[in-house]
Amino acid sequence: MKRKLAYSGMVIVLIFALAFTAYKLMNARNYQLFGNITAHVETNDKVVALTFDDGPTKNTDAILSLLDDYQVKATFFLIGKDIEEQPGEAKKIAEAGHQIGNHTYSHKRMVLKSTAFIKNEIEKTDALIANIGYTKSVVVRPPYGKKLIGFPYYLNKHQRETITWNLEPDTYFTEADEKVKYVQENIQPGSIILMHPMYDSTDNELQAIEGILQAVTKEGYTFVTIDELLTFKNNQ
Ligand SMILES: [Zn+2]
């Protein structure tokens, strides 16, 4: 009886350890089981990337005009079904010379999903991105940054880069000036900043982005796209 209890205890501990490891792995920004994942780039050059998740939506014009004011190219991780709904908005992003990434078709968590599901999520979105006239190679960002086994396995097999981020002011702050301060204090060469201006109905997020553009430029940094940032890797 005692032995049986000890055994059950060990099994429970093991299950918790496995679940904890899987949880850590699913959420890790800079580690995955297969293929390349980039949360920031190791470089001494003062270059950083501004990335936007989700959409496109009707907010596109305002975002593009802000970026244009500062002569900055950003990277937009677009959702397949949003491109389907707003192909014109997606086209504007491509035509303005920004980088476009694949943020899956349905924006579901790419965890515990079949290979066929994952393949469809990526490839359907690739086709939509190609349809708006974007011809460059397309990097991928999993929704919520979550991935476990199937998602990185598929991307590695198809030699696709997984791009996450290392600065996410929206997770910690709601006020624009707090977001700006956080980025200003934590920015480093090779940083990848994540912002969410697409579904924002106020101009709070745009204000934060403008503040970040000003503050980070003042610190002597240049904003580049993810493709450009990757060329600075190991460039020390
Ligand atoms: Zn997203």
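Cut-offs used in this document
Per chain, the residues get numbers from 1 upward, laid out in the order the sequence is written. Local features in this predicted model are restricted to residues whose pLDDT is 70 or higher, and side-chain atom pairs enter the listing and the counts only when it is 80 or higher, whereas totals over whole chains, interfaces and linings include all residues. With hydrogens and water set aside, each side-chain value is computed from the structure's full complement of heavy atoms. The secondary structure listing takes helices from DSSP runs of H or I that are at least 4 residues long and strands from runs of E that are at least 2 residues long, numbered from the N terminus. Here a pair means two rings of Phe, Tyr or Trp (six-membered ring of Trp) with centres within 6.5 Å. Their orientation is stacked below 30 degrees between planes, edge-to-face above 60, and tilted elsewhere. Only when the NZ of Lys or the CZ of Arg is both within 6 Å of the ring centre and within 35 degrees of the ring normal is a charge said to sit over the ring. Exposure categories follow from relative accessible area, calculated using a 1.4 Å probe and restricted to protein chains: below 20% of the type maximum is buried, above 50% is exposed, and the middle band is partly exposed. We treat two strands as partners when DSSP finds at least two bridges between them. Whether a crossover is right-handed comes down to one check: with the strands pointing away from the viewer, does the path from the first strand over the helix to the second run clockwise; if it does, it is right-handed. A residue counts toward a patch only above 30% relative accessible area and without a salt bridge, and it is joined to like-charged neighbours within 9 Å or, for Val, Leu, Ile, Met, Phe, Trp and Tyr, to nonpolar neighbours within 5 Å. In short, Shrake-Rupley with a 1.4 Å probe defines the accessible areas, and a residue's cover is counted only from the protein chains shown. By definition here, a salt bridge exists when the distance from a side-chain nitrogen of Lys or Arg to a carboxyl oxygen of Asp or Glu is within 4 Å. We treat Lys and Arg as the positive residues and Asp and Glu as the negative residues; His and chain ends play no part in the count. Charged groups are reduced to one reference atom each: NZ for lysine, CZ for arginine, CG for aspartic acid, CD for glutamic acid. As used in this structure description, the phrase polar contact means that two N or O atoms lie within 3.5 Å; if the pair is within protein, one of them must be able to donate a hydrogen and the other to accept it, and residues adjacent in sequence are counted only when both atoms belong to side chains. Residues grouped as a nonpolar core are buried Ala, Val, Leu, Ile, Met, Phe, Trp, Tyr and Cys residues, joined through side-chain atoms within 4.5 Å.

Some remarks on unusual backbone geometry
Turning to step 1, where the next piece is worked out: Note that the residue after Gly55, namely Pro56, is joined by a cis bond; omega there is 10°.
Turning to step 2, where the next piece is worked out: Secondary-structure assignment places Pro56 in the loop between strand E2 (47–53) and helix H2 (60–69).
Turning to step 3, where the next piece is worked out: Phi at Asp54 takes a positive value of approximately 80°, unusual for a residue other than glycine.
Turning to step 4, where the next piece is worked out: When you line up the elements, Asp54 lands in the loop between E2 and H2.
Turning to step 5, where the next piece is worked out: Backbone geometry places Leu112, a non-glycine residue, at a positive phi of 55°.
Turning to step 6, where the next piece is worked out: Locating Leu112 in the fold gives a position in the loop between strand E4 (99–102) and helix H5 (115–131).

Focus: the packing of aromatic side chains
Turning to step 1, where the next piece is worked out: Tallied over the entire structure, the rule returns four aromatic pairs.
Turning to step 2, where the next piece is worked out: Lying across the ring of Tyr221, Lys46 places its NZ or CZ 4.7 Å from the centre.
Turning to step 3, where the next piece is worked out: The ring of Tyr144 is capped by Arg109, whose NZ or CZ atom sits 4.3 Å from the centre of that ring.

Topic: the pairing of strand E3 (residues 75–78)
Turning to step 1, where the next piece is worked out: Because side chains alternate across E3, one face comprises the buried residues Thr75 and Phe77, and the other comprises Phe76 and Leu78, equally buried.
Turning to step 2, where the next piece is worked out: Bridge count between E2 and E3: three bridges; the pairing is parallel. Bridge assignment links Phe52 to a residue of E3, and that residue is Phe76.
Turning to step 3, where the next piece is worked out: After leaving E2, the chain enters H2 and then returns to the sheet as E3, a path that is right-handed.
Turning to step 4, where the next piece is worked out: Here E3 pairs with E4 via four bridges, running parallel. Bridge assignment links Phe76 to a residue of E4, and that residue is Ile100.

Thoughts on a positive patch on the surface
Turning to step 1, where the next piece is worked out: Together, Lys81, Lys108, Arg109 and Lys113 make up a positively charged patch on the protein surface.
Turning to step 2, where the next piece is worked out: Counting through the fold element by element, Arg109 comes out in the loop between E4 and H5.

Overview of the environment of Ser114
Turning to step 1, where the next piece is worked out: By the element assignment, Ser114 lies in the loop between E4 and H5.
Turning to step 2, where the next piece is worked out: When its relative accessible area of 42% is taken as the criterion, Ser114 is described as partly exposed.
Turning to step 3, where the next piece is worked out: Separated by 36 residues in the primary sequence, Ser114 and Gly150 have C-alpha atoms spaced 7.2 Å apart.
Turning to step 4, where the next piece is worked out: Here Phe117 takes part through its backbone nitrogen, which lies 3.0 Å from a polar atom of the side chain of Ser114.

Focus on the nonpolar core
Turning to step 1, where the next piece is worked out: Core analysis: the biggest nonpolar cluster contains 39 residues, and Leu50, Phe52, Phe76, Ile193 and Phe223 have the highest contact counts within it.
Turning to step 2, where the next piece is worked out: For this core, the elements supplying multiple residues, two or more each, are E2, H2, E3, helix H4 (87–95), H5, helix H8 (176–186), strand E6 (192–195) and helix H9 (204–218).
Turning to step 3, where the next piece is worked out: If you tally residues by element for this core, the top one is H9, at six residues.

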